[in-house]
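# Coordinate analysis (summary)
What follows is the residue order along each chain.
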Amino acid sequence: MPPDRMLSVVTAVGDRYTRALRFFRSSRPDPGAGPADLRLRIAERRVEADEVVSLRLVRPDGGPLPAWQPGCHLDVTLPSSRRRQYSLCGDPADRRAYRIAVRRLSTGGGGSREIHRLTAGETVTVRGPRNAFPFVAEGPLLLIAGGIGITPVLPMAREGARRGLDWRLVYTGRTRASMSFLGELERLGDRAFIRPDDEYGVPSVDDLLAGAAAGGSVYCCGPAPMLALVRAGFRATGARSLHFERFSPPPVVDGRPLDVELRRSGGVLRVPADRSVLSVVRDARPNVAYSCQQGFCGTCRARVLPGSDPVDHRDRRLTDAQRAAGDMLICVSRVHGDRLVLDL
Ligand code: FES
């Protein structure tokens, strides 16, 4: 089942890699002391585009909400108790309301269908905001969004306009009817280029990156083929840093095959080098909990038992204390060796 929405990777080249990563680490909240759950009322449900609805969320008492910055998302607990992450796409200056927008997926995407069934007046539980896609505008700024990838990028464009930054946006989609928030983008002026495929053709790497300036920053959110194009063409632009948010699990890098024993059920599963432990466990146990599949949300946490090789922690969530206690996020982490024993 494909995810409804995935969380981010921050990447860059050369010396900017270290600096961007350091910023990311120092700015993320301590997961052990994360924000508390909030029960919010849906004040408005709007159809923003084909298969896209937005929800405007407020506190039932009308009080102010925790502050957020462009790039932040909410963890939303759905009526089924599944938890999914959605970017905040409203205005950070509006402390009375959050806005999320969700595209209904045609395959999988049970979370997106649940969101689309919600109506004004209902309540949802959210946690956050958290920021996995921090906006560090340095130098000329190129924003690239594909489809529902506009959700984290729209507040960045608004912030660029508010601060008088040198920014450009390329926003692509199949058709205008499938693209959200066109009116809001047009009100930001001619720095936003709305580029439907049926009017301009499917974008090439040059179409996407033509506005990347030497020494500038590129922020990109969209489908996997778009991210692949941007990553492939980025080095030739002379821009200093690339930051992107992906919608799918990252490929396994430097993976080695291993056996995972599910101690409580007694089974042993073979995990190939190019698959995550979670994906293999899900084949055998479809009800295992997961959400982001990128080592961020913590949903897939499992307890490692004696008999395992040392864990190769690859997540961005667990504290040192949680790791020392034997916790592991099986969507991204593996072992230094070939044997993993889990309390599953
Ligand atoms: S599913 Fe989110 S951390 Fe593993």
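First things first, this report covers the structure right here in the doc. (Residues numbered from 1 in each chain as written. Predicted model: local features only at pLDDT ≥ 70, side-chain atom pairs only at ≥ 80, totals over all residues.)

## Some thoughts on the overall build of the protein chain
- The helix and strand tally for the protein chain stands at nine helices and 19 strands.
- Counting the 344 residues in the protein chain, one finds 42% classified as buried.
- Put simply, 67% of the contacts in the protein chain that link residues at least 6 apart link residues at least 24 apart. (Helix = DSSP H or I, 4+ residues; strand = E, 2+ residues; numbered from the N terminus. Buried ≥ 20, exposed ≤ 12 C-beta atoms within 10 Å, placed from the backbone. Contact = placed C-beta atoms within 7 Å.)

## Considering the environment of W167
- In this fold, W167 is placed in strand 9 (residues 167-173).
- Taking the C-alpha atoms as reference, W167 lies 5.8 Å from L142; in sequence the two are 25 residues apart.
- Setting aside its immediate chain neighbours within four residues, W167 contacts L141, L143, A157, G160 and R191.

## As for the sheet that holds strand 5 (residues 83-87)
- One open sheet accounts for six strands, arranged 5-4-7-2-3-6; its pairing is antiparallel. Both outer strands of the open sheet, strand 5 and strand 6 (98-103), are each paired with one neighbouring strand and no more. Going from strand to strand, the sheet's axes swing by 40° on average, the running direction of each strand aside.
- Packed onto the sheet, helix 2 (residues 110-117) meets strand 3 (52-58), strand 5 and strand 6 and runs at close to 125° relative to strand 6. (Pairing = 2+ DSSP bridges. Axes fitted to C-alpha atoms, helices over the stretch in contact; angles between N-to-C directions.)

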